[in-house]
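Residues per chain, in single letters:
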Amino acid sequence: MRRVRILDSAQGVQVVVDATAYRSFISNDYLGLASHPALKKALGDAAEHYGTGSGASHLLGGHSRAHQQLEEELAAFTGRDRALLFSTGYMANLGVLTALLHKGDCVLQDKLNHASLLDGGLASGADFRRYLHADIGSLQKHLDRCGERKTLVATDGVFSMDGDIAPLPAIAALCHRHDALLLVDDAHGVGVLGKNGAGSCEHFGLTQGDVPVLMGTLGKALGSFGAFVAGPQDMIEMLIQFARPYIYTTALPPAQAAVTSAALRLLQAESWRREQLQHNIAFFRAQAAERGLALMESNTAIQPLLVGASARVLALDARLRESGFLVGAVRPPTVAEGAARLRITLSAAHSEADMLALLDAVAAALQDTP
Ligand SMILES: *Cc1c(COP(=O)(O)O)cnc(C)c1O
């Protein structure tokens, strides 16, 4: 059974969970922004002006100036015509897939895509197929089978349990040749990858022409909450008319939109957090290699250590907690049978001492845990 644990502190390197202090390597707050003073102030200031709740859906009076401004900023930040806010990433994926696809269409998804993409694909009623992970040959075969039907290919930009980056240039080229629409879920790329932090598309230099449907979330590296879909004007207009998870839900609190705007300003003014995170990733991997720890192949903040059996992951997790560390103990069905792992996430806020302490604890736990 999975179990909910109670957090009594802000997100950060030092957290208090179930009344115990830990060093955290479990959060998606990759830049350490979730408790940044400028974001807390933005939340308070905007709440003074707008109050706490949005009061209604976007189309029935809940769309504030703060939401509008954020959508315009997100469009500019990602280099897209227009962006549309959703209350969560799960809802954004459900909304975009069910609005753009219908029975008789074709949807192709990477085998390791996030559950929200898989659920959206199934809910759309389209012919749903999964291609082998990051495998261009497998995608090609499936595209051939879809033939002349309307086809959408969906992939994570950065895979949430593995940390690897999708081969987006090759996928985009293939989609172009087959006249298929490409959707990239960049929940773990936005804020982190690319020169300006605009994500995996910026990392590869891919534009709206290459990746027409870009989805990103705001609750991870941006330290806020919510999600967006960005792309061509007519596609966004279509979502406003037909995406039920956009239409039939209360808009995000306007103050939360203001927090995201403040986070975007910090991203642009202070690139050092992205650089620090890249430094931490390289340092962590080099030190892990010195200790003989075989991390999975990943150059992002997600640094999983493949363990295999669920029971061993749970034993390692318990040992690490005793040593004062929180990591993710990820088991099937979140990952494949026999591929249970410790999911370690790094942040710009971790020091070298934090990372060295974790690595020593992991090495010791592995030795003592058969
Ligand atoms: C977290 C995540 C989501 C869901 O976003 P929420 O805003 O948390 O609902 C979607 N896709 C991926 C790849 C994610 O990691």
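All residue numbers refer to positions counted from 1 along the written sequence of the respective chain. With the structure being a predicted model, the display of local features is reserved for residues of pLDDT at least 70 and the display and counting of side-chain atom pairs for 80 or more, all residues being used for whole-chain, interface and lining totals. Each side-chain value is worked out from all heavy atoms of the structure, with water and hydrogens disregarded.

## As for the site of the ligand
- Here a residue is considered near a molecule or strand provided that any single heavy atom belonging to it is located within 4 Å of it. Around the ligand, the structure places 13 residues, and the nearest of them are G89, Y90, D185, H188 and K220.
- Backbone polar atom of G89 to an oxygen atom of the ligand: 2.7 Å apart, as the coordinates give it.
- Computed on the free molecule, the ligand has an accessible area of 380 Å², of which 81% lies beneath the protein chains in the complex.
- Considering each element in turn, the shell around the ligand owes the most residues, 3 residues, to helix α3 (residues 89-100).
- When residues are grouped by polarity, Ala, Val, Leu, Ile, Met, Phe, Trp, Tyr, Cys and Pro land in nonpolar, Asp, Glu, Lys and Arg in charged, and all others, Gly among them, in polar. Split into classes, the residues belonging to the shell around the ligand amount to 2 nonpolar, 8 polar and 3 charged. For this analysis, a polar contact is any N or O atom pair within 3.5 Å, provided that within protein one partner can donate a hydrogen and the other can accept it, and provided that sequence-adjacent residues contribute only side-chain to side-chain pairs. Per-residue and other accessible areas follow the Shrake-Rupley method at a 1.4 Å probe size, with only the shown protein chains counted as cover for residues. By definition, any uninterrupted DSSP run of H or I lasting at least four residues is a helix, any uninterrupted run of E lasting at least two residues is a strand, and each is numbered from the N terminus.

## Side note on the packing of aromatic side chains
- Stacked, tilted and edge-to-face are the three classes applied to pairs of Phe, Tyr and Trp rings, where Trp contributes its six-membered ring and a pair requires centres within 6.5 Å; stacked means planes under 30 degrees apart, edge-to-face means over 60, and tilted covers the rest. If you walk through the whole model with that rule in mind, you get 2 aromatic pairs.
- Arranged with centres 6.4 Å apart and planes meeting at 45°, the rings of F25 and F325 form a pair that is tilted. Residue F25 is found in the loop between β2 (20-24) and α1 (37-50), and its partner F325 is found in strand β11 (residues 325-326); the two are separated by 300 residues along the sequence. For the residue pair F25 and F325, the accessibility class agrees, reading buried in each case.
- Seen in terms of ring centroids, F86 and Y246 are 5.8 Å apart; in terms of plane orientation they differ by 65°. Their pairing is edge-to-face. One end of the pair, F86, is in strand β3 (residues 82-86); the other, Y246, is in helix α9 (residues 244-247), and 160 residues separate them in sequence.
- Only protein chains enter the area calculation, which uses a 1.4 Å probe; residues under 20% of their type maximum are buried, those over 50% are exposed, and those in between are partly exposed. Using a relative accessible area of 2% as the deciding quantity, one classes F86 as buried.

## Re the sheet that holds strand β4 (residues 106-110)
- Pairing between two strands requires that DSSP report at least two bridges joining them. What the 7 strands build is an open sheet, ordered β3-β9-β8-β7-β6-β4-β5; its pairing is mixed. The open sheet terminates on both sides in strands that have one partner only, identified here as β3 and β5 (127-131). The sheet shows a mean angle of 20° between the axes of neighbouring strands, taken without regard to direction.
- Alignment of strand β7 (residues 181-185) against strand β8 (residues 213-217), held across 3 bridges, turns out to be parallel. Its bridge partner being in β8, L183 is matched across the sheet by V213.
- Note on definitions: a residue-residue contact is assigned when non-hydrogen atoms from the two residues lie within 4.5 Å. Axis definition: a line fit to C-alpha positions, over the contact stretch in the case of helices; interaxial angles, taken between N-to-C directions, run 0 to 180 degrees. Packed onto the sheet, helix α2 (residues 65-78) meets β3, β8 and β9 (227-231) and runs at close to 125° relative to β3.

## Things to note about the domain arrangement of the protein chain
- What the domain assignment reports for the protein chain is domain 1 (14-28 + 271-368) and domain 2 (37-269).
- An automatic or database domain assignment is the source of the domain bounds shown. A straight line from the C-alpha centre of domain 1 to that of domain 2 covers 27 Å.
- Carbon and sulfur atoms supply 54% of the area buried between domain 1 and domain 2, which totals about 1,300 Å² over both sides.
- For the pair domain 1 and domain 2, the number of links is 8 residue pairs in polar contact (both at pLDDT 80 or more).
- Broken down by secondary-structure element, the contributors of at least two residues to the side of domain 1 that touches domain 2 are α11 (272-290), β10 (302-308) and β13 (340-345).
- Here the side of domain 1 that touches domain 2 takes 4 residues from α11, the largest share from any one element.
- Considering only residue class, the side of domain 1 that touches domain 2 consists of 6 nonpolar, 7 polar and 5 charged. Note on definitions: buried area is the accessible-area loss of two parts on being combined, 1.4 Å probe, summed for both.

## Remarks on helix α4 (residues 115-123)
- Those residues of α4 lying buried are S116, L117, L118, G120 and G121.
- Check the buried side of α4 and you find it contacts α3, β4, β5, β6 (151-156) and β7.
- The positive-phi residue at the C-terminal boundary of α4 is G125, with phi of around 85°.

## Quick notes on the packing of α2 against helix α10 (residues 254-269)
- Where α2 contacts α10, the axes come no closer than 8 Å and their chain directions differ by 30°. Classified by the angle between their axes, α2 and α10 sit roughly parallel to one another. Note that α2 runs across α10; the crossing there is left-handed. Residue-level contacts link A66, H67, L70, E73, L74 and F77 of α2 to P254, A257, T260, S261, L264, R265, L267 and Q268 of α10.
- Classifying every residue of the contact of α2 with α10 gives 8 nonpolar, 4 polar and 2 charged. Here the word oblique covers every angle except those under 35 degrees (roughly parallel), over 145 (roughly antiparallel) and from 65 to 115 (roughly perpendicular). For any helix crossing, the convention is left-handed if the near helix is rotated counterclockwise from the far helix by under a right angle, and right-handed if that rotation is clockwise.

## Overview of the pairing of β5
- Direction of pairing for β4 relative to β5: parallel, over a ladder of 5 bridges. Along β5, the bridge assignment pairs C106 with D127.

## Brief notes about the side chain of D185
- You can see D185 is positioned in strand β7.
- In this tally, Asp and Glu contribute negative charge and Lys and Arg positive charge; neither His nor the terminal groups of the chain are included. Between Lys or Arg on one side and Asp or Glu on the other, a salt bridge is scored when a side-chain nitrogen of the former is within 4 Å of a carboxyl oxygen of the latter. Of the buried charged residues, D185 lacks a salt bridge, with K220 as the closest side chain of opposite charge at 6.6 Å.
- Separated by 3.0 Å, the side chains of D185 and N93 make a polar contact.
- At 3.0 Å, the side chain of D185 forms a polar contact with the backbone nitrogen of A187.
- Residues contacting D185, with those up to four places away along its chain left out, are N93, H114, S116, L117, T155, D156, G157, V158 and M215.

## Points about the pattern of salt bridges
- On inspection of all chains with the given rule, the structure shows 12 salt bridges.
- The partner of D127 in a salt bridge is R129, with the nearest N and O atoms 3.1 Å apart.
- Using a relative accessible area of 23% as the deciding quantity, one classes D127 as partly exposed.
- Taken together, the salt bridges that share partners define one network made up of D127, R129 and R149.

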